[in-house]
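# Examination of the molecular architecture
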Amino acid sequence: MRHIISVLMENEPGALSRVVGLFSQRGFNIESLTVAPTEDATLSRLTVTTIGEDGVIEQITKQLNKLIDVVKLVDLTEGDHIERELMLIKIKATGAQRAEVKRTCDIFRGQVVDVAPAMYTVQLTGASEKLDAFIESIGTSAILEVVRSGVSGIARGERVLSV
Amino acid sequence: MELLSGGEMIMRALKEEGVKMIFGYPGGAVLHIYDALYQQDSVEHILVRHEQAAVHAADGFSRSTGEVGVALVTSGPGATNAITGIATAYMDSIPLVVISGNVPSHLIGSDAFQETDMIGCSRPIVKHSFLVRSIEEIPGVMKKAFHIAKSGRPGPVVVDVPKDMTAPQEKRPFQYPETIKLRSYTPALKGHTGQIRKALDLLLEAKRPVIYAGGGVVLGDAAEELTILSRRFGYPVTNTLMGLGAFPGSDDQFIGMLGMHGFYEANQAMHQADVIFAVGARFDDRVTNNPKKFCPNARIIHIDIDPASIQKTVRHIEVPLVGPVKPVLADMIEMLNQMDIEPDQEALKAWWETINGWREKHGLWTGDRYTRRDQIMPQDVIRVLYEVTNGEAFICSDVGQHQMFAAQYYKYDKPRQWINSGGLGTMGFGLPAAMGVQLAHPERAVAVVTGEGSIQMCIEELSTCTQYNMPVKIINLNNAALGMVKQWQDMQYGGRYAGSTYSDSLPDFVKLAEAYGHIGMKVTDPTHLKTKMEECFSMKDRVVFMDIYVDPEEHVYPMHIPTGSMKDMVLSKTERTK
């Protein structure tokens, strides 16, 4: 099953390599990874999506917790949560296709952020599934380039991951 | 405030941490530190002959004393040579601080002479590591390094120090922190009372219990508590390879080591058990055999300081209990004292009868389980070693058949008496580890049980033994081949000895020992074994290298049948369990 694990860790050089190293060292899978500092400059927030059976996910969270640089973590998929990913995508758009791409973009609530004579650059946010669906609707033959940020997530309601 | 250079700060930090002895090898990147070392007298430096040995020696020092071992190596090859030692300590959870030099900060990343990314190289095999980025942070980094190494589940910590951080002219204020708090690291100090209660309830319900104790009991200094609790219950106790000595080996309640080369009665008891009390043991693959077939009827209690060890391989843990074994066991004893309930004596009696039946039939200590041929049998060497040393020596083992014989046939009554590389299985560990043990215990007998394969992996340390007068006794079980490899090739590869023999090119170990200024003895006659062994240990102030020619055909038994359960074992060249 797919899990989104959100990690608060010390904003130290080398901390990220310890997390990434842990995944490769123990054969855990990384679907996506995002990391950036938080409002507290000493802390980074890292979100990793991974797929694994319960035993594997249990080991991932336990092994992450063992890292000295990891302050706290939560498996967001254990409760209600909001998941977002940002995608920038360059799409071939000429002739009749131009209107079609724009229409698809509107349906998905994407924004055209850059325009060139033969293409659009579209920005789209949402859950990863939505981005997947958009890519599928456009069709790979029209896609020139895709950049995805990886998943960010936060718990719904009053649950907060903080020190 | 006092002004010190980075090199001086490191030495002062070691002093503050109570370090008396460090093991190292100098080189360009650590020369400032060595100069600071030279100008102080609270920390003694032992110059090894290879950095791997520096880490093993610090490791042996730590295993035998419980203190943090310290090694000091230079950048580049010094650092990479230390890697095997660090990995060895990591796998067995040994607290070490390894200080490595690095090239000056401005050269990092430029492929400078003797540069290596030590933080990167060591990352998967350290508990934590630090790259020193300013002179001011050295006291805090050293304090954290020692704290992390020895607390929680112990392990090695690397402190990588670029050369400019230790320059003698760069003095900074020095104050060593008294305490340190890390918001991201708070290991458990006690066990959960509710879980302790559950563990006791389950233990008291047991009809066929086994206490399965591992290295955590030794490292957590909980052998006394384990022994008290085990005797209160009267349950059979088995120790893992790392746990030998956690419960007295010569006690009747001890049913031997378990696992791949464990005792028949221990493996059978585990498989048939209805309750298993795992204490500071991690269900290693060398213990469980196939985890899917592991002890199918057992309800399991597992105490471990490391939550990640719980349910890692064996998933059906009924009572997980996270905490340091010593206070957890102490709490259990106290709670038990207040309870008005005793184990089921009748069931226990029947269980012991069954176990004693297994013991009678197959126990390694209840009869001769191997055929004596007209050569020295390796098992007999260990038995004689046990007799001659009154069971009181430190036994430092290398890795291979001799290691298993030493684990099976020497009865360890005390924790920390048995020193071996269990997790990583590092050949070459024995001799340097024994140096650390001997330096920590100058008055005690320290034996290296090794083979002609392992000993050649760190044999250069015979020179270090000369320099610092470390009179270790080397018991070399010479079968003129890589015995354990050969055993597997006999059992699984039709006797095709690929890369496991070298009998024509072995050195004359007697002359070799003499070349280093030691005493060499060659023993080939079984009737001379005991007198020679006595002679060896009577030379208290000399290194003696006993080159003992043993039966080259002998195998280690019992041995787990691969992919089977705990109870599936090969018992000899002709017998196996059904």
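Residues numbered from 1 in each chain as written. Chains lettered and ligands numbered in written order. Predicted model: local features only at pLDDT ≥ 70, side-chain atom pairs only at ≥ 80, totals over all residues.

## Notes on the overall build of chain A
- For chain A, the count of helices and strands is 4 helices and 9 strands.
- Each helix and strand of chain A, ordered N terminal to C terminal, gives the series β-α-β-β-α-β-β-α-β-β-α-β-β.
- In chain A, which comprises 163 residues, the proportion classed as buried is 28%.
- Contacts in chain A between residues at least 24 apart in sequence constitute 73% of all its contacts with a sequence separation of at least 6. (Helix = DSSP H or I, 4+ residues; strand = E, 2+ residues; numbered from the N terminus. Buried ≥ 20, exposed ≤ 12 C-beta atoms within 10 Å, placed from the backbone. Contact = placed C-beta atoms within 7 Å.)

## Describing the nonpolar core
- Among the nonpolar cores identified, the biggest contains 206 residues, and Ala54(B), Ala71(B), Val97(B), Val159(B) and Ile276(B) are the most heavily contacted of them.
- Membership of the second largest hydrophobic core comes to 12 residues, among which are Met87(A), Ile91(A), Tyr120(A) and Leu131(A). (Core = buried A, V, L, I, M, F, W, Y, C linked by C-beta atoms within 7 Å.)

## Topic: the packing of helix 9 (residues 223-233) of chain B against helix 12 (residues 325-338) of chain B
Residues and elements named next belong to chain B.
- As a packed pair, helix 9 and helix 12 sit with axes 9 Å apart at the nearest point and diverge in direction by 30 degrees. Where helix 9 crosses over helix 12, the handedness of that crossing is left-handed. Facing Glu225, Leu226, Ile228, Leu229 and Arg232 of helix 9, the residues of helix 12 in contact are Lys326, Leu329, Ala330, Met332, Ile333 and Leu336. (Axes fitted to C-alpha atoms, helices over the stretch in contact; angles between N-to-C directions. Left-handed = near helix turned anticlockwise from the far one by under 90°.)

## A word on the domain arrangement of chain A
All names here are of chain A.
- Entries for chain A in the domain assignment read domain 1 (2-79) and domain 2 (82-152).
- Between the C-alpha centres of domain 1 and domain 2 there is a distance of 29 Å.
- Taken residue by residue, the interface counts 6 residues in domain 1 and 5 residues in domain 2.
- At the level of elements, strand 2 (32-37) and strand 3 (43-51) are the ones that each hand at least two residues to the side of domain 1 that touches domain 2.
- If one sorts the elements of the side of domain 1 that touches domain 2 by residue count, strand 2 sits on top with 3 residues.
- Its residues assigned to classes, the side of domain 1 that touches domain 2 shows 2 nonpolar, 4 polar and no charged. (Domains from an automatic or database assignment. Nonpolar A, V, L, I, M, F, W, Y, C, P; charged D, E, K, R; others polar.)

## Digging into the interface of chain A and chain B
- Taken together, the contacts link 17 residues of chain A with 15 residues of chain B.
- For the side of chain A that touches chain B, the elements supplying multiple residues, two or more each, are helix 1 (15-25), helix 2 (54-66) and strand 4 (70-75) of chain A.
- Here the side of chain A that touches chain B gets 6 residues from one element, more than from any other, and that element is helix 2 of chain A.
- Taken together, the residues that form the side of chain A that touches chain B break down as 4 nonpolar, 7 polar and 6 charged.

## Things to note about the sheet that holds strand 14 (residues 317-322) of chain B
Residue and element names in this part refer to chain B.
- Taken in spatial order, the 6 strands make up an open sheet running 11-10-9-12-13-14, and their pairing is parallel. The sheet is open, and its two borders are formed by strand 11 (254-257) and strand 14, each paired with just one other strand. Each adjacent strand pair in this sheet contributes to an overall mean axis angle of 15 degrees, direction not counted.
- Sheet topology places strand 13 (residues 299-304) next to strand 14; 5 bridges connect them, and they run parallel. Bridge assignment links isoleucine 300 to a residue of strand 14, and that residue is isoleucine 317.
- Of the strands in this sheet, strand 9 (209-213), strand 10 (237-239), strand 11 and strand 12 (275-279) touch helix 10 (residues 264-272), which is tilted by about 105 degrees from strand 11. (Pairing = 2+ DSSP bridges.)

## Thoughts on unusual backbone geometry
Residues and elements named next belong to chain B.
- Residues tyrosine 557 and proline 558 are joined by a peptide bond in cis, for which omega reads -5 degrees.
- The residue proline 558 is located in the loop between strand 20 (544-549) and strand 21 (559-560) in this model.
- Positive phi, close to 50 degrees, is recorded for phenylalanine 283, a residue that is not glycine.
- Phenylalanine 283 gets classed as buried once you count the C-beta atoms within 10 Å, which come to 25.
- Non-glycine residue glutamine 311 carries a positive phi angle of around 65 degrees.
- Note that glutamine 311 resides in the loop between strand 13 and strand 14.

## Topic: the domain arrangement of chain B
Residues and elements named next belong to chain B.
- The domains assigned to chain B are domain 1 (2-174), domain 2 (193-362) and domain 3 (378-556).
- For domain 1 versus domain 3, the distance between C-alpha centres works out to 30 Å.
- Broken down by secondary-structure element, the contributors of at least two residues to the side of domain 1 that touches domain 3 are strand 2 (21-24), strand 3 (44-47), helix 3 (51-65) and helix 4 (77-91).
- In terms of residues, the side of domain 1 that touches domain 3 owes the most to one element, helix 3, which gives 11 residues.

## Regarding the pairing of strand 12 of chain B
Residues and elements named next belong to chain B.
- Across the 5 residues of strand 12, 5 count as buried, placing the element largely inside the fold.
- What you see with strand 12 is no split at all: Val275, Phe277 and Val279 on one side and Ile276 and Ala278 on the other are buried throughout.
- The sheet contact formed by strand 9 and strand 12 spans 5 bridges and is parallel. Paired with alanine 213 across the bridge in strand 12 is valine 279.
- Bridge count for strand 12 against strand 13 is 5 bridges, and the pairing is parallel. Its bridge partner lying in strand 13, valine 279 is registered against isoleucine 303.

## Some thoughts on the pairing of strand 2 of chain B
Residue and element names in this part refer to chain B.
- Across 4 bridges, the pairing between strand 2 and strand 3 is parallel. Paired with isoleucine 22 across the strands is histidine 45, a residue of strand 3.
- With helix 2 (residues 31-38) bridging strand 2 and its parallel neighbour strand 3, the resulting β-α-β unit is right-handed.
- Examined bridge by bridge, strand 2 and strand 4 (residues 69-73) share 2 bridges and lie parallel to one another. Among the inter-strand pairings, glycine 24 is bridged to a residue of strand 4, identified as leucine 72. (Right-handed = clockwise from strand over helix to strand, strands pointing away.)

## Topic: the environment of Ser42(B)
- Counting through the fold element by element, Ser42(B) comes out in the loop between helix 2 and strand 3.
- Between the C-alpha atoms of Ser42(B) and Lys292(B), which are 250 residues apart in sequence, the distance is 53 Å.

## Concerning the environment of Asp551(B)
Residues and elements named next belong to chain B.
- Following the sequence through the fold, aspartate 551 ends up in the loop between strand 20 and strand 21.
- C-beta crowding within 10 Å serves as the criterion here: with 20 such atoms nearby, aspartate 551 is assigned to the buried category.
- The sequence separation of aspartate 551 and asparagine 478 amounts to 73 residues, and the corresponding C-alpha distance is 8.5 Å.
- Ignoring sequence-local partners within four residues, the contact set of aspartate 551 consists of Arg373, Gln375, Ile376, Met377 and Pro378.

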